[in-house]
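This is what each chain is made of:
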Amino acid sequence: MPLFFKNYENLKRTEQWQKIIVLGLESLKNTKIGDKDKALIQTRLASSYYYLGKYVNAYHMAFAALENAKKAKNDDLSAKSLYLISATYRARALAAKTSKDHYDEYKRFANDNIQKALNLALTSKVNDFIKAKVFFNAGALHHDLIYFLEENERNAQFERVADYYQKSKELFQPGSDDFNRVVIRYIRLMMDNQKIDTFA
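Residues numbered from 1 in each chain as written. Predicted model: local features only at pLDDT ≥ 70, side-chain atom pairs only at ≥ 80, totals over all residues. Heavy atoms only, no water.

(A) Up close: the packing of aromatic side chains. Under the criterion given, the structure shown has twelve aromatic pairs. Within the aromatic cluster, the residues linked to one another by ring pairs are Y59, F63, Y89, Y106 and F109. (Phe/Tyr/Trp six-rings, centres within 6.5 Å; stacked < 30°, edge-to-face > 60°.)

This is how it looks when you write it as C-alpha cells:
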C-alpha cells in the first residue's frame, strides 16, 4: 500500500493540503500502482489543489483521475472525477464574473461535467456517498451561479437547487461534516430566497 493512503486521513483531518499534494505526487511516481489507485490518489490531489485555490491544477488532476478511472472501469471514481472537474469550472466561472466570455465558457463546462456525473450516478451502481456528493455539487453549481440569472428565472432555479440539496442530505450520514455542509447550504438558499422552510 502506498504511503499516501496510510497518511491521507490524518493529513486531511488537519487540512494539510500541501503535504497531501507532495506525498501524492511522490506516490504517483510508483510504476506499480494500478489505475484504480492512481485515480483515487489523483481525485484526492484534485481536492487538495481546489482547497488551496489552485483551480487549474485541480482540473488537470481531476481530468487525469477520470482517464484512470475509465481504464479501471470504476464508476465511483469516474463520477467523483466528473464532479471535481465541474467544481473547478464553477470556481473559475465565479472568479471570471467580470468577463462574460470566460464566464459563459466556464459555466458551460461546469454544467456539462456535472450532468455527466449525474447521469453516471443515476444509471450506474455508484455508491451512496459519491452519489450524495454529485447531488451536492449539482446544487452548489446552480446555487452559486443563480445570481447571474435574470430575476424572473431565479424561482425555478431555487426549486431545482433545493431538490439537489434534499437528495444529497438524504444520502449523507446525519451529523457528518458533509451532512452539516449541505444543511448550511440549504439554509443559505432559503435566506437568499427570503423563505423560511424546514429541511426535514
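(B) The arrangement of the side chain of Q157 in detail. Note on placement: Q157 falls in helix α8 (residues 151–171). One polar contact links Q157 to H142, side chain to side chain, over a distance of 3.4 Å. Excluding residues that lie within four positions of it along the chain, Q157 makes contacts with H142, I146 and L149. (Helix = DSSP H or I, 4+ residues; strand = E, 2+ residues; numbered from the N terminus. Polar contact = N/O pair within 3.5 Å; in protein donor to acceptor, adjacent residues only side chain to side chain. Contact = heavy atoms within 4.5 Å.)

(C) Here's a closer look at the packing of helix α1 (residues 3–13) against helix α2 (residues 17–27). Close contact between α1 and α2 brings their axes to 10 Å; oriented N to C, the two are set at 170°. Taken together, the axis directions place α1 and α2 in an arrangement best described as roughly antiparallel. Contacts from L3, F4, N7, Y8, L11 and K12 in α1 reach W17, K19, I20, L23, G24 and S27 in α2. The class makeup of the residues in the contact of α1 with α2 is seven nonpolar, three polar and two charged. (Axes fitted to C-alpha atoms, helices over the stretch in contact; angles between N-to-C directions. Parallel < 35°, antiparallel > 145°, perpendicular 65-115°, else oblique. Nonpolar A, V, L, I, M, F, W, Y, C, P; charged D, E, K, R; others polar.)

(D) Spotlight on the environment of N68. With respect to the helices and strands, N68 occurs in helix α4 (residues 55–71). With relative accessibility at 8%, the residue N68 sits in the buried group. Put simply, N68 and Q42 are 26 residues apart on the chain and 9.1 Å apart in space, counted from C-alpha to C-alpha. (Buried < 20%, exposed > 50% of the residue type's maximum accessible area, 1.4 Å probe, protein only.)

(E) Expanded view of the nonpolar core. Core analysis: the biggest nonpolar cluster contains 42 residues, and F4, I20, L45 and V134 have the highest contact counts within it. Of all the secondary-structure elements, those providing two or more residues to this core are α1, α2, α3 (35–51), α4, α5 (75–95), α6 (100–123) and α7 (128–144). Setting aside residues no more than four positions away along its own chain, L45 makes contact with F4, I20, I21, G24, L25, L28 and M61. With 15 residues, the next largest nonpolar core counts A140, F158, F172 and V182 among its residues. (Core = buried A, V, L, I, M, F, W, Y, C linked by side-chain atoms within 4.5 Å.)

(F) Main features of α5. The end-to-end C-alpha distance of α5, which contains 21 residues, comes to 30 Å, matching closely the 30 Å that a straight helix rising 1.5 Å per residue would cover. Put simply, N74 is the residue that caps the front of α5, since its side-chain oxygen is 3.2 Å from the backbone nitrogen of D76. (Expected span 1.5 Å × (residues − 1).)

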